Amino acid sequence: MDTSLLQGAFSAIPTPLLNGRIDEETFRAQIEWQIEQGIDGFVPCSTTGESATLTHAEHQEVMKICIDQVKGRVPVFAGTGSNSTDEAVSLTKFAKQVGADGAVIITPYYNRPTPDGLYAHYKRIAEEASLPIILYNVPSRTGCNMQPETVARIVRDIPEVVAIKEASGSLTQASRILEECPDGFQLLSGEDDLVLPLMSVGGCGVISVTSNIVPGMMSGLCKAYLAGDVAEARRLHFAMQPLVRSMFIETNPLPVKTAQWLMGQCKSLEFRMPLVPMREENVEALKKVLSDFNLIK
């Protein structure tokens, strides 16, 4: 695939809910606003999109709505991962069918597969669905840290695997991945506070939570660094840090969905249990940061 499609800031976009169902009107409006603000792409059905508590029918609906609203203006890499290889194959096939540019596939959670199991998981998905794949390594969520040598083995043998969303929190691990993988393999940050450091060792951008609130700023950081304007990228990095911290004051996606609600971008503030609304003191802290950024009055 054209690796330039992987450059920049991609929003791991939340799934707005109204009376327990997907709020399609709000979802489309949020996508349109982010495109107007300069976002580089979307990842629906991610952790931020509450994929773990969407039904399969809802998962498919979210992908379809996002791809339809985007209409090819920016890339859409759909979250299609599961701790069941069969389910991941099915979701990835559907993403391909409805026109996704690729799939973001998390390492299987809870099962804690061995390196051989990880290899077999991604190989089977690629063989049966054949769509550009972004690996997603987030050990804090899955209990599984995919090591650089495993990533390199997968990349060498499975041509559909074109990138990784790296969220181990280790700059050393990210550097090792790029060191061991073939030229052309792309690395996207999975943590908003490490976008600039990871780009400094060869990363090409980020799959972001904070970009849902300030898409222009996060995209601007990536664009500045890729254009060689390190000073501007550094300025944006530090400018965004208070907002980045506020997005993780409680479990993601509680703060980002609350921020969207406070900004008037959704009709209702709803989460799928076991996620519940933020504690009031944290909502007040979030309000202050949003006000400081002139995102709310």
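The sections below set out a description of the structure shown in this document. (Residues numbered from 1 in each chain as written. Predicted model: local features only at pLDDT ≥ 70, side-chain atom pairs only at ≥ 80, totals over all residues. Heavy atoms only, no water.)

Here's the deal with the pattern of salt bridges
Operational definition: A pair is scored as a salt bridge if a Lys or Arg side-chain nitrogen falls within 4 Å of a carboxyl oxygen belonging to Asp or Glu. Under the scheme used here, helices are H or I runs from DSSP no shorter than 4 residues and strands are E runs no shorter than 2 residues, and both carry numbers assigned from the N terminus. The buried label applies to any residue whose accessible area, calculated with a 1.4 Å probe on protein chains only, is under 20% of its type's maximum; exposed applies above 50%, and partly exposed to all values in between.
Summed over all chains, the structure comprises 20 salt bridges. One salt bridge in this structure joins glutamate 50 and lysine 257, with 2.6 Å as the shortest N-O distance. You can see glutamate 50 sitting in the loop between β4 (41–43) and α2 (56–70) and its partner lysine 257 sitting in helix α11 (residues 254–262), a full 207 residues away along the chain. In this structure glutamate 50 comes out as buried when scored by relative accessible area, which is 4%. Salt bridges sharing partners connect three or more residues here, namely Glu24, Arg28, Asp68 and Lys71.

What about the packing of helix α10 (residues 230–246) against helix α12 (residues 280–292)?
Let me state the cut-off plainly: With axes taken as lines fitted to C-alpha atoms, and helix axes fitted only over the stretch in contact, angles between N-to-C directions fall between 0 and 180 degrees. When describing relative orientation, an angle under 35 degrees is termed roughly parallel and one over 145 degrees roughly antiparallel, while 65 to 115 degrees is termed roughly perpendicular and anything else oblique. Should the near helix be turned counterclockwise from the far one by less than a right angle, the crossing is left-handed, whereas a clockwise turn marks it as right-handed. Note on contacts: a residue pair is in contact if any heavy atoms of the two residues lie within 4.5 Å. Three classes are used: nonpolar for Ala, Val, Leu, Ile, Met, Phe, Trp, Tyr, Cys and Pro, charged for Asp, Glu, Lys and Arg, and polar for all others, with Gly counted as polar.
Following both chains from N to C, one finds α10 and α12 inclined at 155°, their axes separated by 9 Å at the closest point. The orientation of α10 with respect to α12, classified from their angle, is roughly antiparallel. By crossing handedness, the relation of α10 to α12 is classed as left-handed. Residues Pro242, Leu243 and Ser246 of α10 touch α12, and the partners they reach there are Leu286, Val289 and Leu290. Of the residues belonging to the contact of α10 with α12, the class tally is five nonpolar, one polar and no charged.

Observations concerning the sheet that holds strand β9 (residues 186–189)
How we decide: A pair of strands is labelled paired if DSSP reports no fewer than 2 bridges between them.
In spatial order, the strands read β4-β1-β10-β9-β8-β7-β6-β5; together these eight strands make up an open sheet with parallel pairing. Sheet topology places β4 and β5 (77–79) at the edges, where each strand pairs with a single neighbour. On average, adjacent strands in this sheet sit at an angle of 30° to one another, irrespective of strand direction. The pairing of strand β7 (residues 133–137) with strand β8 (residues 161–166) spans five bridges and is classified as parallel. Counted as the bridge partner of isoleucine 133 is valine 161 from β8. Packed on one face of the sheet, helix α9 (residues 215–226) meets β1 (8–12) and β10 (205–208) and runs near 155° to β1.

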